[in-house]
Amino acid sequence: MSGLRLAAARNPWRNVLPGAIVSLVVLIAGPGCDLTRSPETRTAAPHRLQALAALGPSGIPAVVAQGQLEPAGGVLPILVEPGDRIAKVEVAEGDLVKADQTLVVLASLAVRETELAVAETQLRESQTRAVAAAKVAQAKLDVATTQLEKAELEMQQAQARFDRAKASGGELDLLNQQVELNQNKLNQIRAAFNDATTQKLVSRASLDQQELAVNQAKLAAESAKTDAQQAIQRERLSVETARRELVAAKLAVESNEVQSSFESLEKQIELLRLQVEATRVKSPVDAMVLRLSATAGQATTTAPVMHVGDVSKMICRAEIDVAEIRKIGVGAEARVSSSALSETLVGHVQSISRLIGAPQLASPYPTARVDWRSAEVVIAIDPEYALAAARFVNLQVDVAINASDDVAMVPVADTDSNSDSIDP
């Protein structure tokens, strides 16, 4: 083997498994270290990482690192309201669940359902009473409307009768004519009574009788006119009364509509329904139950009752030394391995973070450097390896990424950087 270039500047021995036989001289160098010197300088080649070996021929440059497997959407803790009790656990560890599928049922479900049923019954009863009251109010409004129409019609009829009575040939006109005739006759009798030549022909009684007839005719005409006018006035008052009753009936209908508002009850029912839903703890996404911490009868606390994650898409978060970050780019092929995995996983670099910091994963090598800085690289595991990757979520793994000296970093995971920066 010749030309094997390892880009692990911070710890060249991360590419050497325990048990390597080094009998002569161990060469400690940077990424340009050549492990294939003349036979005189070594007696055996070091063992390579499984992930590194899976990349292909030993001459392929690579960047090696530690990483961790996890679902692309992360591991989601399932929390419940503390102070309750678990009545039933609907799933088991390792189950695949759908979004909105019930995971856990709380003991307060029965109480919440009863409260909801009571509130819904109260709403129905209130609505029934409101409908009945609305019908009564509407009936009164209809009666008032009819009474107004009747009063207006009767007033119109009274006015029409009065107009006809005043017209030529009408009752009042005839009475007025009778008054006029009697008055003329009275004038004639009075003139004859006062004339000396005819005084003997007219008696005092005839004169008085005619005056009485005139007064009776006037009284009849005036009485008929007064009766007609009073009838019109009575009908006007009836119309006004009917109008007031109609206004009162309309106000009663409007008041009933206001009192029939069920907004507060409906909001209460909406709240109770949410509380009922809260007693059925559901999965937020399509996922697998990764860890189950709940058992029936257990009191609820602020701790998660289980953890779920969508394992259909898996990623590996690798910590790459900043000295080697330039040698990899988005899309580069990567191999992931661990003694816990039955096969080496294949993936491709999905993003390279701009944020630099201290590594968080512990190195499996006791003599590894600790004074180095890293950038997070997200590797998307190829779909055909997702099931194998999901077998051990949060597993720390060895990562080998195809590298090249002339690959520029193409960061896609843009985050706020308040520490070391990377020049493109």
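Reference entry: report on the structure contained in this document. Note that the structure is predicted; figures quoted are calculated from it, not measured. (Residues numbered from 1 in each chain as written. Predicted model: local features only at pLDDT ≥ 70, side-chain atom pairs only at ≥ 80, totals over all residues. Heavy atoms only, no water.)

## So, unusual backbone geometry
Okay, step 1: Look at D100: it is not a glycine, yet its phi comes out positive at around 70°.
Okay, step 2: Examined against the element boundaries, D100 turns out to sit in the loop between β4 (96-97) and β5 (102-106).
Okay, step 3: Here N394, not a glycine, exhibits a phi torsion of approximately 70°, which is positive.
Okay, step 4: In this structure, N394 sits in the loop between α6 (386-389) and β13 (396-402). (Helix = DSSP H or I, 4+ residues; strand = E, 2+ residues; numbered from the N terminus.)

## A short note on the sheet that holds strand β6 (residues 280-282)
Okay, step 1: A sheet is described by the order of its strands in space; here three strands give the open sequence β3-β5-β6, paired in antiparallel fashion. Each edge of the open sheet is held by one strand with a lone partner, namely β3 (86-89) and β6. For this sheet, the mean angle separating the axes of adjacent strands, direction not counted, is 25°.
Okay, step 2: Bridge analysis of β5 against β6 gives three bridges, and the strand direction is antiparallel. (Pairing = 2+ DSSP bridges. Axes fitted to C-alpha atoms, helices over the stretch in contact; angles between N-to-C directions.)

## A few points about the pattern of salt bridges
Okay, step 1: In the structure shown here, the tally under the stated rule is 15 salt bridges.
Okay, step 2: Of the charged contacts, one joins R244 and E240 as a salt bridge, the two residues approaching to 3.6 Å between their closest N and O atoms. Linking R244 with E240, this pair stays in helix α4 (residues 204-259), spanning four residues, or about one helical turn.
Okay, step 3: For R244, a relative accessible area of 59% translates into the label exposed.
Okay, step 4: Here E240 falls in the partly exposed class, since its relative accessible area comes to 35%. (Salt bridge = Lys/Arg side-chain N within 4 Å of Asp/Glu carboxyl O. Buried < 20%, exposed > 50% of the residue type's maximum accessible area, 1.4 Å probe, protein only.)

## Observations regarding the nonpolar core
Okay, step 1: Counting residues in hydrophobic clusters, the biggest one holds 34 residues, and the most contacted among them are L69, I320, I328, V377, I379 and I401.
Okay, step 2: When residues of this core are traced back to their parent elements, those giving at least two are β1 (62-71), β9 (314-321), β10 (333-337), β11 (345-357), β12 (374-381), α6 and β13.
Okay, step 3: In terms of residues, this core owes the most to one element, β11, which gives five residues.
Okay, step 4: Apart from residues lying up to four places away in sequence, I379 is in contact with M314, I315, C316, A318, A334, G347, H348, V349, Q350, V399 and I401. (Core = buried A, V, L, I, M, F, W, Y, C linked by side-chain atoms within 4.5 Å. Contact = heavy atoms within 4.5 Å.)

## Some details on the sheet that holds strand β7 (residues 287-292)
Okay, step 1: What the four strands build is an open sheet, ordered β2-β8-β7-β4; its pairing is antiparallel. Unpaired on one side and paired on the other, β2 (76-78) and β4 mark the two borders of the sheet.
Okay, step 2: One ladder, built from two bridges, connects β4 with β7; its direction is antiparallel. Directly across from V97, in β7, lies its bridge partner A287.

## With respect to helix α5 (residues 263-278)
Okay, step 1: For α5, which comprises 16 residues, the first-to-last C-alpha distance of 22 Å matches the rise-based estimate of 22 Å (1.5 Å per residue) to within 8%.
Okay, step 2: For α5, every residue scored as buried is listed here: L265, I269, L272 and V276. The buried side chains of α5 occupy one side of the element, clustering within an arc of 65° when seen end-on. Away from its buried face, by an angle of more than 90 degrees, α5 presents the exposed residues E263, S264 and L274.
Okay, step 3: Turning to α5, the residues buried within the fold contact α2 (109-166) and β6. (Expected span 1.5 Å × (residues − 1). Arc of directions from axis to C-beta.)

## Here's the deal with the layout of surface pockets
Okay, step 1: The space that makes up the largest pocket amounts to roughly 330 Å³.
Okay, step 2: Lining the largest pocket are 14 residues, with L290, R291, A390, R391 and V393 positioned closest to its centre.
Okay, step 3: At four residues, β7 tops the list of elements feeding residues into the lining of the largest pocket.
Okay, step 4: Grouping the constituent residues of the lining of the largest pocket by class yields eight nonpolar, three polar and three charged.
Okay, step 5: The computed volume of the second largest pocket comes to approximately 250 Å³.
Okay, step 6: Taken together, 15 residues form the lining of the second largest pocket, with E319, A358, Q360, S374 and E376 sitting closest to its centre.
Okay, step 7: Breaking the lining of the second largest pocket down by element, the ones donating at least two residues are β1, β9, β11 and β12.
Okay, step 8: Residue contributions to the lining of the second largest pocket peak at four residues, all from β11.
Okay, step 9: When the residues that make up the lining of the second largest pocket are grouped by side-chain class, the tally is six nonpolar, five polar and four charged. (1 Å grid on protein atoms, 1.4 Å probe; cavity = no way out; pocket = protein on both sides within 12 Å on 5 of 7 lines; lining within 4 Å. Points joined across faces, edges and corners; volume = space filled by probe spheres on them. Nonpolar A, V, L, I, M, F, W, Y, C, P; charged D, E, K, R; others polar.)

## Overview of the packing of α2 against helix α3 (residues 171-194)
Okay, step 1: Following both chains from N to C, one finds α2 and α3 inclined at 35°, their axes separated by 4 Å at the closest point. Across the interface between the two elements, F162, A165 and K166 from α2 touch E171, L172 and D173 from α3.

## Remarks on α3
Okay, step 1: For α3, built from 24 residues, the straight-helix expectation of 34 Å at 1.5 Å per residue is met to within 8% by its first-to-last C-alpha distance of 34 Å.
Okay, step 2: Of the positions making up α3, those classed as buried are L172, D173, V179, N182, L186, I189 and F193.

## Some remarks on the environment of V118
Okay, step 1: Of note, V118 is situated in helix α2.
Okay, step 2: Along the chain, V118 and I269 lie 151 residues apart, while their C-alpha atoms are 9.4 Å from each other.

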